[in-house]
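# Overview (structure and organization)
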Amino acid sequence: MYNFLETRNQKQFQEKLQKKMEEQKIDALLLTTSENISYSTGYISGMYGMWKFGTDIAVVPADGKVSLISSQFAQDGATLQTKGDVDVIGYPVWIFIEDYYDPNEKEKSVQPDVNYVFKLACDAIKSKKGNAVVGVERSSMPYDKYLYLSEVFGADRLVDISQFMIEVRTIKFPWEIDVLRYSAQVAQKMMNITMQYTEPGMTEADLFKIWWQTAYEITGGHEVVDVFQAHTPGPDFWATQMPRERQLENGDIVRLDGGVNIYGYVSDLGRVYAVGDHVAPEKQAIFDTLLAARDAGISKFVPGNKLSDVFHETMKVCKQGALPHFVRGHVGHTIGLGPGEEYPMLNPDNNMIFEPGMVFCFETPYYSSKYGSYNLEDTLVITENGHELFTHTNRSLFIK
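Residues numbered from 1 in each chain as written. Predicted model: local features only at pLDDT ≥ 70, side-chain atom pairs only at ≥ 80, totals over all residues. Heavy atoms only, no water.

Any two side chains of opposite charge can pair, so long as their charged atoms come close to each other. One pass over the full model with this rule turns up 20 salt bridges. Among the salt bridges present, the one from Arg-271 reaches Asp-378, with a minimum N-O distance of 2.9 Å. With Arg-271 in strand 11 (residues 269-274) and Asp-378 in strand 15 (residues 374-382), this residue pair connects regions lying 107 residues apart in the sequence. The same class applies to Arg-271 as to Asp-378, namely buried. (Salt bridge = Lys/Arg side-chain N within 4 Å of Asp/Glu carboxyl O. Helix = DSSP H or I, 4+ residues; strand = E, 2+ residues; numbered from the N terminus. Buried < 20%, exposed > 50% of the residue type's maximum accessible area, 1.4 Å probe, protein only.)

Pasting the structure below:
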């Protein structure tokens, strides 16, 4: 059993953020997305999942400990997860908790008061520096909250840190690589077992059941935050959270896509396989082409190459094979903290250079209601001399 919570080094993350803040002359970061709160504090927010924006905020000062503003309902958990390495500031919510009974409190808010949470965050920043330059996640922030911060600090002192955080998180610490490797390998086992147990007559609900049960059987449930999928069995090329009831038939193609969230770090793999004992020649040809493109693309994951090199090599093989009309916007993405895909992408115009410590999900998908949907997606890390594959896609449509 892994225990990533115990081995995470908060000081590393804090110092990495503060070093970049110094370079860009930013006095404080006000972080409001779940993934950046997790990155800066080590805290996986349950309240954020229920109430979304603004119920938890992380404040990173130019020096000193990070502050985490969280509700009284969550703050003991936040203190436990952050191991005393972060200053946790609690605030009351609509729930009565005897541990925090205040005889002067005569009423409670109906829902979490996000304005109050922002005030606490601003107070934490101003306690360090009154005339601060503050980095904010502008693209994910409601307009009224941005206006509030503009009134407190001045619009000219608010800096959008979207690119800042992408750059900070692109090169992973060894600890992060360990979590991502484990998360990817758990997802691979989930996929292998789901493929092995698939047979004609099953429905997508049956696949979901195997998928979720397997995740908890493999991990024992330890540090599992979420399990997710975007599978497409049979002729349907669109993913759904509610399983379809169509029964699988001999010759159908199934695409598995998804993974598991381990202590905030997600896996995202893709697998394709045939149901039964035969497929149409056209389906086999598509798989063979995508597999060849996958192999060609992987050869380009070398320090010093450009991210766009992978895209162009992959697309070349697809077009030379069974998919001459194939067009895509990218063939993969970096991966880290959830909930979704991360920049930078493996797209045709990305001239960023591969560096050791980058972790990618590389994929060769194809979607069709006529031929079925496909995805060969693996996870790898760039090393000093090349790359390390965390996972290995199946080499045949038929699973033994």
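Turning next to the nonpolar core. In this structure, Leu-17, Leu-29, Tyr-39, Phe-164, Ile-262 and Tyr-265 are the most contacted members of the largest nonpolar core, which totals 59 residues. Looking at this core element by element, the count peaks at 11 residues for helix 9 (residues 174-197). When neighbours within four sequence positions are excluded, Leu-29 is seen to be in contact with Leu-17, Met-21, Ala-58, Val-59, Val-60, Gly-135, Ile-161 and Phe-164. Formed by 32 residues, the second largest nonpolar core is a distinct cluster that contains Ala-274, Ala-296, Val-317 and Val-331. (Core = buried A, V, L, I, M, F, W, Y, C linked by side-chain atoms within 4.5 Å. Contact = heavy atoms within 4.5 Å.)

Turning to helix 5 (residues 72-82), a few remarks are in order. Three or more residues of helix 5 are buried, namely Gln-72, Ala-74, Gln-75, Ala-78 and Thr-82. Here the buried residues of helix 5 occupy an arc of 135 degrees about the axis, which is enough to place them on one side. Turned more than 90 degrees from where helix 5 packs its buried face, Asp-76 and Leu-80 sit exposed. Looking one or two residues beyond helix 5, the residue adopting positive phi is Lys-83, at roughly 60 degrees. (Arc of directions from axis to C-beta.)

For Ser-368, the location among the structural elements is in the loop between strand 14 (359-366) and strand 15. For Ser-368, a relative accessible area of 11% corresponds to the buried category. One polar contact links the side chain of Ser-368 to the main-chain amide nitrogen of Lys-370, over a distance of 3.0 Å. Dropping the residues within four chain positions of it, Ser-368 is found in contact with Pro-235, Phe-237 and Ser-373. (Polar contact = N/O pair within 3.5 Å; in protein donor to acceptor, adjacent residues only side chain to side chain.)

Glancing now at the packing of aromatic side chains. Two descriptors summarise a pair of aromatic rings, namely the distance from one centre to the other and the angle between the planes of the rings. Counting across every chain of the model gives 17 aromatic pairs. With a centroid separation of 6.4 Å and an interplanar angle of 85 degrees, the aromatic rings of Phe-4 and Trp-175 are classed as edge-to-face. Of this pair, Phe-4 sits in helix 1 (residues 4-7) while Trp-175 sits in helix 9, and the two are 171 residues apart along the sequence. The two residues Phe-4 and Trp-175 agree in class, both being buried. On the numbers, 6.2 Å between centres and 65 degrees between planes, the contact of Phe-96 with Tyr-101 is edge-to-face. Judged by its relative accessible area of 55%, Tyr-101 is exposed. For the cation-ring pair, Arg-138 lies above Tyr-146, with the distance from its terminal atom to the ring centre recorded as 3.9 Å. Across the ring face of Trp-238, the terminal group of Arg-244 is positioned such that the distance to the ring centre comes to 4.3 Å. (Phe/Tyr/Trp six-rings, centres within 6.5 Å; stacked < 30°, edge-to-face > 60°. Lys NZ or Arg CZ within 6 Å of the ring centre and 35° of its normal.)

This next bit is on helix 2 (residues 10-23). Spanning 14 residues, helix 2 covers 20 Å between terminal C-alpha atoms, matching the ideal 20 Å at 1.5 Å per step. Residues of helix 2 that are buried: Gln-10, Phe-13, Gln-14, Leu-17, Gln-18, Lys-20 and Met-21. The buried residues of helix 2 occupy one face: seen down the axis, they fall within an arc of 160 degrees. Looking at helix 2, the residues exposed on the side facing more than 90 degrees away from the buried face are Lys-11, Lys-19, Glu-22 and Glu-23. Buried-residue contacts for helix 2 involve strand 1 (28-31), helix 3 (34-41), strand 2 (57-61), helix 8 (162-170), helix 9 and strand 10 (265-266). One side-chain oxygen at the N-terminal end of helix 2 lies 3.0 Å from the backbone nitrogen of Lys-11; it belongs to Asn-9. In the stretch just after helix 2, Lys-25 is the one whose phi turns positive, near 55 degrees. (Expected span 1.5 Å × (residues − 1).)

Within the secondary structure, Glu-217 is located in helix 10 (residues 204-219). Distance in space between the C-alpha atoms of Glu-217 and Met-190 is 9.5 Å, their sequence separation being 27 residues.

Further remarks concern the sheet that holds strand 5 (residues 134-136). In spatial order, the strands read 4-3-2-1-5-6; together these 6 strands make up an open sheet with mixed pairing. A single partner strand is all that each edge strand has here, and the edge strands are strand 4 (87-91) and strand 6 (158-160). Strand after strand, the sheet turns through a mean of 25 degrees between neighbouring axes, direction not considered. Direction of pairing for strand 5 relative to strand 6: parallel, over a ladder of 3 bridges. (Pairing = 2+ DSSP bridges. Axes fitted to C-alpha atoms, helices over the stretch in contact; angles between N-to-C directions.)

A word on unusual backbone geometry. Residue Pro-344 follows Tyr-343 across a cis peptide bond; omega there is 5 degrees. You can see Pro-344 is positioned in strand 13 (residues 342-345). Notably, Lys-25 is not glycine yet its phi reads approximately 55 degrees, a positive angle. In this structure, Lys-25 sits in the loop between helix 2 and strand 1. Residue Lys-83 is not a glycine yet carries a positive backbone phi of 60 degrees. Checked against the element boundaries, Lys-83 lands in the loop between helix 5 and strand 4.

Moving on, we get to the pairing of strand 2. A large share of strand 2 lies buried, amounting to 5 of its 5 residues. Neither face of strand 2 is open: one carries Ile-57, Val-59 and Pro-61, the other Ala-58 and Val-60, and all of them are buried. In terms of strand pairing, strand 1 meets strand 2 through 4 bridges, oriented antiparallel. Of the residues in strand 2, the one forming a bridge with Leu-29 is Val-60. Pairing of strand 2 with strand 3 (residues 67-71), which is carried by 3 bridges, proceeds in the antiparallel orientation. Residue pairing across strands places Ile-57 opposite Ile-69, the latter belonging to strand 3.

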